[in-house]
Amino acid sequence: MSDQSRDRVEGTFDDMKGRGKSAMGELTGDDEMKAEGAADRAMGAVKKGLADAKDALDTAVKKVTGD
């Protein structure tokens, strides 16, 4: 599995985990759990963004090197 694929999978997992925590925090009125959920979702977005940046860099390198 490529680094980009791994980052996307981990990012999606973090996002889903965060959504679950946020929902549970909302249901129980637990502000700390809601905050943890928001942090997990943010980490997921960062990992997905990192994968996109790596893809863009790989594409740019291939254009320059002709691979």
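Everything below is about the structure shown above.
None of these values were measured; they are calculated from a predicted model. The numbers attached to residues start from 1 for each chain and follow its sequence in the written order. Only residues with pLDDT of at least 70 get local features here, since the model is predicted, and only at 80 or more are side-chain atom pairs given and counted; chain-wide, interface and lining totals rely on the full set of residues. Each side-chain value is derived from all of the structure's non-hydrogen atoms; neither hydrogens nor water enter the calculation.

Student: What exactly am I supposed to notice about the overall build of the chain here?
Tutor: Strands are runs of DSSP state E lasting at least two residues, helices are runs of H or I lasting at least four, and both sets are numbered from the N terminus onward. Along its length, the chain carries two helices and zero strands. What the globule rule says is 2.2 Å times the number of residues to the power 0.38, and the radius of gyration is computed from C-alpha atoms. Computed over the C-alpha atoms, the radius of gyration of the chain is 16 Å, more than 25% above the 11 Å expected from 2.2 N^0.38 for a compact globule of 67 residues. The C-alpha extent of the chain, read off along each of the three principal axes, is 55 × 15 × 10 Å. Residue contacts are defined here by distance: any two heavy atoms, one from each residue, within 4.5 Å place the two residues in contact. Across the chain, every contact between residues at least 6 apart in sequence was considered, and the portion connecting residues at least 24 apart equals 61%. Charge separation in the chain, taken as the distance between the mean sites of 12 positive and 15 negative side-chain charges, equals 4 Å. The charged-residue count follows a simple rule in which Lys and Arg add positive charge and Asp and Glu add negative charge, with His and chain termini not counted at all. Charge positions come from single atoms, namely NZ of Lys, CZ of Arg, CG of Asp or CD of Glu.

Student: Is there a simple way to explain helix 2 (residues 31-65) in this structure?
Tutor: Residues lying three or four places apart along an α-helix face the same way, a consequence of the helix completing one turn every 3.6 residues. Working rule for helices: expected span equals 1.5 Å times residues minus one. Its 35 residues place the ends of helix 2 51 Å apart at the C-alpha level, agreeing with the 51 Å of an ideal helix rising 1.5 Å per residue. Of the residues making up helix 2, those classed as buried are Gly37, Asp40, Gly44 and Ala51. Packed against the buried residues of helix 2 are helix 1 (3-28). Regarding helix 2, its N-cap is Asp30, as a side-chain oxygen of that residue lies 3.0 Å from the backbone nitrogen of Glu32 further along. Burial classes follow relative accessibility: with a 1.4 Å probe on protein chains only, a residue under 20% of its type's maximum area counts as buried, one over 50% as exposed, and anything between as partly exposed. Pairs of N or O atoms are called polar contacts if they sit within 3.5 Å, as long as, within protein, a hydrogen donor faces a hydrogen acceptor (for residues adjacent in sequence, only side-chain-to-side-chain pairs).

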